[in-house]
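Chain by chain, the residues run as shown.
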Amino acid sequence: MKRRTLLASGGTALAGSMIAGGAAIRSIRRSPGRSVARAENALDRDRIVETLMEGTDRETAAYEVDGSEEGPTAVIIGGVHGNEINGYRVAADVTGWEIDAGRLIVIPFANVVAVERNTRGGPDGDLNRLFPGGREPESDLARAIWRVVEGADPDLVIDLHRSRGLFNTHHRWVGQAIFPTEGGGAIDDAASVIDHVNEHYVPWTMRFHRFTLGNVQDDDRDAGLLVQKVNLDLNVAGFLVESTDFLLDLDTQIRWTGAITELLLDRHGIRRTA
Ligand SMILES: [Zn+2]
């Protein structure tokens, strides 16, 4: 993996242009920002299976969506970075999906404090640097999230993000790319889904926004990325999905991120029916 491309994606220079989050996820009464409110409205609270970090300011929920037939298990995570709105909006939406087979475990607001503040990191810094391979995650929240991921015994894990620029175009940025793990056939899955999305979703007039295959997430024990821990510790299919907000409106980010999520699940035999 090229560290410069994946590890340097910090920065909040453009954050002021985003809609502010501004209020507690757990309390919709406190007039949350519009993006957070929309995500909260999409949640199916009857499907909560576990509350992580209960009673703390980091408290957040895991949801389960069950298909009628037996099948694989997928974990879907949004809001690891709190200002990546497309990720938590799509993950919240997924909690209301119906599927034909298998099981989804969804954590829509992984980093609630950061989502509330509409910032990349939370009080413990960048959550997606706290998941070293082969060792305990490095914060209480990261450990709670990892317990859910590992406990689900997943066949695939999808971590939804957004970058500022375009992978392979802008130095440092990683947008419009899917970074697969080495295990579980993830590279082929990612390549297939990228072809489909470029063919059916990205208009031909937007060639810079065509998705590309990112570096395989297989070789950095210390980077602390969730998807790398999935590769190193679980050796299953994992996908770091990066949209961009470079010349791309939020609704389109959400539509494409949602399509990628649905297509990755479909590759594993989990089909959305409603
Ligand atoms: Zn991110």
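On a predicted model such as this, the values are computed, not experimentally measured, just so you know.

Participant: Any details on the packing of helix α6 (residues 186-200) against helix α8 (residues 250-267)? Residues and values, ideally.
Facilitator: One can describe the packing of α6 onto α8 by two numbers: an axis separation of 10 Å at closest approach and a directional angle of 135°. The orientation of α6 with respect to α8, classified from their angle, is oblique. Where α6 crosses over α8, the handedness of that crossing is right-handed. Here Asp189, Ser192, Val193, His196 and Val197 of α6 come into contact with α8, specifically with Trp256, Ala259, Ile260, Leu263, Leu264 and Arg267. By residue class, the composition of the contact of α6 with α8 is seven nonpolar, two polar and two charged.

Participant: Describe in detail the pairing of strand β3 (residues 69-77), supporting the description with residues and values.
Facilitator: Inspection of the sheet shows β3 paired to strand β4 (residues 101-107) by six bridges, in the parallel sense. When the bridges of β4 are listed, glutamate 69 appears paired with alanine 101. For the segment spanning β3, helix α3 (residues 85-94) and β4, crossover handedness is right-handed. When β3 meets strand β5 (residues 156-163), the two strands line up parallel, connected through four bridges.

Participant: Describe the environment of leucine 250, with residues and values.
Facilitator: Relative to the helices and strands, leucine 250 is located in helix α8. A sequence separation of 166 residues divides leucine 250 from glutamate 84, and the C-alpha atoms of the two residues are 9.9 Å apart. In this structure, leucine 250 is in contact with Ile85 and Asn86, ignoring residues within four places of it in sequence.

Participant: Any chance you could break down unusual backbone geometry for me, citing the residues and the numbers?
Facilitator: One non-glycine residue, glutamine 176, lies in positive phi territory at about 60°. Mapped onto the elements, glutamine 176 comes out in the loop between β5 and β6 (177-180). Taking the C-beta count within 10 Å as the criterion, glutamine 176 has 29 such neighbours and is therefore assigned buried. The phi dihedral of leucine 247 falls on the positive side, at around 55°, and the residue is not glycine. Locating leucine 247 in the fold gives a position in the loop between β8 (237-244) and α8.

Participant: Describe the nonpolar core, listing the residues and the values that go with them.
Facilitator: Residues Ile76, Ala91, Val106, Ile158, Ile178 and Phe239 are the most contacted members of the largest nonpolar core, which totals 72 residues. In this structure, isoleucine 158 is in contact with Ala74, Ile76, Phe239, Val241, Thr261 and Leu264, ignoring residues within four places of it in sequence.

Participant: Lay out the environment of threonine 244 in plain terms, naming residues and giving numbers.
Facilitator: Here threonine 244 lies in strand β8. On the basis of neighbour counts, which here come to 25 C-beta atoms within 10 Å, the residue threonine 244 falls in the buried class. Spatially, the C-alpha atoms of threonine 244 and glycine 175 are 4.5 Å apart, while their sequence positions differ by 69 residues. Beyond its immediate chain neighbours, meaning those up to four positions away, threonine 244 contacts Arg162, Ser163, Arg164, Gly165, Leu166, Gly175 and Gln176.

Participant: Any details on the confidence of the model for the protein chain? Residues and values, ideally.
Facilitator: Confidence in the prediction for the protein chain averages 88 pLDDT; 88% of positions are at 70 or higher. Below a pLDDT of 50 lies the segment residues 1-31, which in the model reaches 65 contacts outside its immediate sequence neighbourhood of four places, other chains included.

Participant: Could you give an account of the sheet that holds strand β1 (residues 48-52), naming the residues involved and the relevant values?
Facilitator: Sheet strands pair via backbone hydrogen bonds, and the direction of the pair is either parallel or antiparallel. Strand order in the open sheet formed by eight strands is β1-β2-β4-β3-β5-β8-β6-β7, and the pairing between neighbours is mixed. Across the chains shown, the open sheet's two edge strands, defined by having one partner strand only, are β1 and β7 (212-213). Where helix α5 (residues 140-151) meets the sheet, its contacts fall on β1, β2 (60-66), β3, β4 and β5, and the angle it forms with β1 comes to roughly 150°. Here α6 sits on the sheet in contact with β6, β7 and β8, set at roughly 165° to β6.

Participant: So what about the packing of α3 against α8? Which residues, and what values?
Facilitator: When two helices pack together, you describe them by how their axes are tilted relative to each other and by the distance separating the axes. The geometry of α3 relative to α8 is characterised by a closest axis approach of 9 Å and an angle of 50° between their N-to-C directions. By the angle between their axes, α3 is oblique relative to α8. The two elements α3 and α8 meet at a crossing, and its hand is right-handed. Touching Ile85, Asn86, Gly87, Arg89, Val90, Asp93 and Val94 of α3 are Leu250, Gln253, Ile254, Thr257, Gly258 and Thr261, all from α8. Broken down by class, the residue content of the contact of α3 with α8 amounts to five nonpolar, six polar and two charged.

Participant: If you had to explain α3 to someone new, which residues and values would you point to?
Facilitator: For an α-helix, the turn length of 3.6 residues means that residues three or four places apart are oriented alike. Taken across its ten residues, α3 has ten buried, putting it largely inside the fold. Those residues of α3 that sit buried are Ile85, Asn86, Gly87, Tyr88, Arg89, Val90, Ala91, Ala92, Asp93 and Val94.

Participant: Please provide a residue-by-residue account of the pairing of β2, values included.
Facilitator: Counted residue by residue, β2 has five buried out of seven residues, so it is predominantly covered. With four bridges connecting them, β1 and β2 associate as antiparallel partners. The residue bridging isoleucine 48 from the neighbouring strand is tyrosine 63, located in β2. Across four bridges, the pairing between β2 and β4 is antiparallel.

Here is what the cut-offs are and how they apply
- Residues numbered from 1 in each chain as written.
- Predicted model: local features only at pLDDT ≥ 70, side-chain atom pairs only at ≥ 80, totals over all residues.
- Axes fitted to C-alpha atoms, helices over the stretch in contact; angles between N-to-C directions.
- Helix = DSSP H or I, 4+ residues; strand = E, 2+ residues; numbered from the N terminus.
- Parallel < 35°, antiparallel > 145°, perpendicular 65-115°, else oblique.
- Left-handed = near helix turned anticlockwise from the far one by under 90°.
- Contact = placed C-beta atoms within 7 Å.
- Nonpolar A, V, L, I, M, F, W, Y, C, P; charged D, E, K, R; others polar.
- Pairing = 2+ DSSP bridges.
- Right-handed = clockwise from strand over helix to strand, strands pointing away.
- Buried ≥ 20, exposed ≤ 12 C-beta atoms within 10 Å, placed from the backbone.
- Core = buried A, V, L, I, M, F, W, Y, C linked by C-beta atoms within 7 Å.
- pLDDT = per-residue confidence, 0-100.

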